[in-house]
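Architecture at a glance
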Amino acid sequence: MSGDGRAALVTGAASGIGAAIATRLADDGWQVLSVDLHGEVGFHADLTTRAGNRDAVRAALERFGRLDAVIPNAGFQHVSPIEEFPEDRWDAIIAVLLTSPFLLARYAWPHLRASGAGRFVAIASVHGLVASPYKAAYVSAKHGVLGLVKTLALEGQIADQAKAHDMLEDRVLEEVVLAPHAVKRLIEPEEVAATVAFLLGPEGRAFTGAPVVMDQGWTAR
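Residues numbered from 1 in each chain as written. Predicted model: local features only at pLDDT ≥ 70, side-chain atom pairs only at ≥ 80, totals over all residues. Heavy atoms only, no water.

Before going further, it helps to examine the nonpolar core. Counting 33 residues, the largest nonpolar core has Leu9, Val35, Val57, Leu67, Val70, Leu112 and Phe120 as its most contacted members. Those elements that provide at least two residues to this core are strand E1 (7-11), strand E2 (31-36), helix H2 (50-64), helix H3 (87-115) and helix H4 (136-165). Excluding residues that lie within four positions of it along the chain, Leu9 makes contacts with Leu33, Val35, Ala56, Val57, Ala60, Leu67, Ala69, Val70 and Ile71. (Core = buried A, V, L, I, M, F, W, Y, C linked by side-chain atoms within 4.5 Å. Buried < 20%, exposed > 50% of the residue type's maximum accessible area, 1.4 Å probe, protein only. Helix = DSSP H or I, 4+ residues; strand = E, 2+ residues; numbered from the N terminus. Contact = heavy atoms within 4.5 Å.)

As structure tokens, then:
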């Protein structure tokens, strides 16, 4: 298989999953910029900073002249009860596992769009779907990055949907992307307040760690 000259940026690529992804893409003919804070990689960047993420995207573009895929993989773990969880570790984990993918998407998006077949593949975890005790930051970040990818997937469809439906992009957002609401009205603040009061009262004791969805029928489809 050949990458046909396509270019990818992979973070957390000094070892483990990131290194394996970078190696596989290179074997498949991709041009790959491996990014990490340490180790033998093509580009060193502090992904806890805006500048680090911006510079990583810029380095890939300067090196390859294009960017067809971004694979945010960098991450680390910290295990601690919530009342003892160090605030600086929370900040660092959220920065690398959630804010960095957002920044990479933000800076790379025009170039992924220009690619014509751009891909953004965030490496999450089973913790993007379920929780484990003592991993508040990691679980929160992984749940968040799945939400980010869902959002990017919808944004990436707008131009194609506009072409397919022969309509302007602003109409696609209103009439196609946001169409799934079964009930066409906004939820009133008082309704949310009533639900919160219910959950806080004795009748709400059966609800533990589960979502209570007020979505006007959206998830019923």
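That covers the picture; the talk isn't over yet.
All right, on to the pattern of salt bridges then. The final tally for this structure, using the stated rule, is three salt bridges. Residues Asp28 and Arg24 are paired through a salt bridge, measuring 2.9 Å at the closest nitrogen-oxygen approach. Note on Asp28: relative accessible area 13%, which makes it buried. We note a salt bridge from Asp68 to Arg66, for which the minimum N-O separation is 2.8 Å. On the basis of relative accessibility, which here comes to 1%, the residue Asp68 falls in the buried class. Residue Arg66 is classed as partly exposed on the basis of its relative accessible area of 34%. (Salt bridge = Lys/Arg side-chain N within 4 Å of Asp/Glu carboxyl O.)

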